[in-house]
Amino acid sequence: HFPATYSCRIPLSSISSAQASPGPGPATVRLALIKAGCELFGRQYVQHVLFPILRAAPVRIRPPERVALSQQVQRLYKGRSSGQTIQMVESVGLREVAQAQGLLTVYVHVPVITTDDFRESLKMIGYWGQTDSFATCVAVEEAVPLEEECILPLRTLPWRAPIGAFFSCVLTEFRHTNLSWEEVVPEEQTVEEDPLLRELYVWPMLLAEHRAGNKLLVRKSFKERTVSDR
């Protein structure tokens, strides 16, 4: 549940003029579970027990019923070098923020033996995107996702729907299911290869209103849209 505005920045968008997605991508979910797991069970347990499951676990994301996206003006501070000192210079930037009506649902397919561990980890996640994008877990239960109501990579979309009608944006996912712990949580600041894959995802959401750069998206099943168009 998102009680206030939040911002999940679309990858590759400018930090000073960031665009937002209606919710987190698959990689964001996996990384949040790693962080929450480490806080609960410790790094060693997550690395050797939970991570091998989490890196390959199918993740599905069902957006809220309605999401409004609006541009907000923010005060920014940039560091500027002046000789041997760094001065903070005030600037102005734009950031798109979201406000949701209804619940965001995240599905993670894990073995029964680890259900309790992932249940507690999901309860620990307090934000998606920016740290000030507060979110709270209202329930963790067993359920089977409906593919037509969840976000999907454009290349895997099986329905012959008018894709242009649905909201789409770039999101991140793990590059492959055999990533090592060191690739995802490196000991050093740099890694040889980015563990994240950036790909175009389609959201089961239609544009209901568009005014002066602000948008209102409404959840609509891919299959339902296809049937109605026929």
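Residues numbered from 1 in each chain as written. Predicted model: local features only at pLDDT ≥ 70, side-chain atom pairs only at ≥ 80, totals over all residues. Heavy atoms only, no water.

**Some words on the packing of aromatic side chains**
Within a pair of aromatic rings, the relevant descriptors are the distance that separates the centres and the angle that separates the planes. Under the convention used in this document: Stacked, tilted and edge-to-face are the three classes applied to pairs of Phe, Tyr and Trp rings, where Trp contributes its six-membered ring and a pair requires centres within 6.5 Å; stacked means planes under 30 degrees apart, edge-to-face means over 60, and tilted covers the rest. A run of DSSP states H or I qualifies as a helix once it reaches four residues; a run of E qualifies as a strand once it reaches two. Both are numbered from the N-terminal end. Note on exposure labels: buried denotes an accessible area under 20% of the residue type's maximum, exposed denotes more than 50%, and partly exposed covers the range between, all computed with a 1.4 Å probe on protein chains only. Look at NZ for Lys and CZ for Arg. If either is within 6 Å of the ring centre and within 35 degrees of the ring normal, a charge sits over the ring.
Inspection of every chain in the model, using the stated rule, returns 4 aromatic pairs. Taking 5.3 Å as the distance between ring centres and 90 degrees as the angle between the ring planes, the aromatic pair formed by F51 and W181 counts as edge-to-face. Of this pair, F51 sits in helix α2 (residues 43–54) while W181 sits in helix α4 (residues 181–184), placing them 130 residues apart in sequence. For F51, a relative accessible area of 2% gives the class buried. For W181, a relative accessible area of 5% translates into the label buried. Here the basic side chain of R30 rests over the ring of F174, its NZ or CZ set 5.6 Å away from the ring centre.

**Things to note about the environment of F51**
The following threshold applies: In what follows, a contact means two residues having at least one pair of non-hydrogen atoms within 4.5 Å.
For the pair F51 and P26, spaced 25 residues apart in sequence, the C-alpha separation works out to 15 Å. The contact partners of F51, leaving out residues within four places of it in the chain, are I34, V46, F174, L179, S180, W181 and V184.

**Let's talk about the nonpolar core**
Condition: We call a set of buried residues a nonpolar core when its members are Ala, Val, Leu, Ile, Met, Phe, Trp, Tyr or Cys and they connect through side-chain atoms within 4.5 Å of each other.
Judged by nonpolar contacts, the single largest core of 42 residues is most densely connected at I34, W128 and F174. A per-element tally of this core places helix α1 (residues 26–41) first, with 6 residues. When residues no more than four places from it in sequence are discounted, the contact partners of I34 are V46, F51, L54, F174, W181, V184 and V185.

**Side note on the pairing of strand β10 (residues 196–211)**
Put simply, the rule reads: For two strands to pair, DSSP has to find at least two bridges joining them.
Bridge analysis of strand β8 (residues 152–153) against β10 gives 2 bridges, and the strand direction is antiparallel. Within β10, the position partnered with P153 by the bridge is Y201. Note that strand β9 (residues 166–174) and β10 share 8 bridges and pair antiparallel. Counterpart to S168 in the pairing with β10 is V202. As defined by bridge partners, β10 adjoins strand β11 (residues 214–219) across 6 bridges and the pair is classed as antiparallel. When the bridges of β11 are listed, H210 appears paired with K215. Counted between consecutive antiparallel strands, the loop separating β10 from β11 contains 2 residues, among which A212 sits at a positive phi close to 50 degrees.

**Topic: the packing of α1 against helix α3 (residues 115–124)**
Stated formally: To get an axis, a line is fitted to the C-alpha atoms, and for a helix only the part in contact is used. The angle between two axes follows their N-to-C directions and goes from 0 to 180 degrees. Oblique is the label for every angle not falling under 35 degrees (roughly parallel), over 145 degrees (roughly antiparallel), or within 65 to 115 degrees (roughly perpendicular). Gly is put with the polar residues, along with every residue not named as nonpolar or charged; the nonpolar set is Ala, Val, Leu, Ile, Met, Phe, Trp, Tyr, Cys and Pro, and the charged set is Asp, Glu, Lys and Arg.
The contact between α1 and α3 brings their axes to 8 Å, and the two run at 105 degrees. In this view, α1 runs roughly perpendicular relative to α3, as classed from their interaxial angle. The residues of α3 that touch α1, namely those facing L33, A36, G37, E39, L40 and F41, are D117, F118, E120, S121, L122 and M124. Across the contact of α1 with α3, the residue classes break down as 7 nonpolar, 2 polar and 3 charged.

**Brief notes about the confidence of the model for the chain**
Our working rule: Confidence of the prediction at every residue is given by pLDDT, a number between 0 and 100.
Looking at the chain, the pLDDT average stands at 88 and 93% of residues meet or exceed 70. Within the chain, no element has a lower average pLDDT than helix α5 (residues 222–229), which sits at 63, and none a higher one than strand β4 (residues 59–62), at 98.

**Focus: the layout of surface pockets**
To keep things clear, this is the line we draw: Of the grid points, spaced at 1 Å and generated over the protein atoms alone, those admitting a 1.4 Å probe that cannot get out make up cavities, while open sets with protein on both sides within 12 Å along at least five of seven lines make up pockets; any residue with an atom within 4 Å of a point is treated as lining. Grid points are joined across faces, edges and corners, and a volume is the space filled by probe spheres set on the points.
Considered as a void within the structure, the largest pocket measures approximately 950 Å³ in volume. Along its surface, the largest pocket is lined by 30 residues, and V106, Y107, L122, V140 and E141 are the ones closest to its centre. Every element with two or more residues in the lining of the largest pocket is listed here: β7 (105–108) and α3. In the lining of the largest pocket, the residues fall into 21 nonpolar, 5 polar and 4 charged. Size it by volume and the second largest pocket reaches roughly 530 Å³. Residue lining of the second largest pocket: 24 residues in total, with A27, T28, L31, A32 and G129 positioned closest to the centre. Contributions of two or more residues to the lining of the second largest pocket are made by β1 (8–9), α1, β9 and β10.

**Observations concerning the environment of M88**
Of note, M88 is situated in strand β6 (residues 85–101). A residue is classified by how much of its surface remains accessible, and M88, at 55% relative accessible area, is exposed. As for M88 and G37, which are separated by 51 residues in sequence, their C-alpha atoms are 36 Å apart. With residues up to four places along the chain from it excluded, the contact list for M88 reads Y77, K78 and G79.

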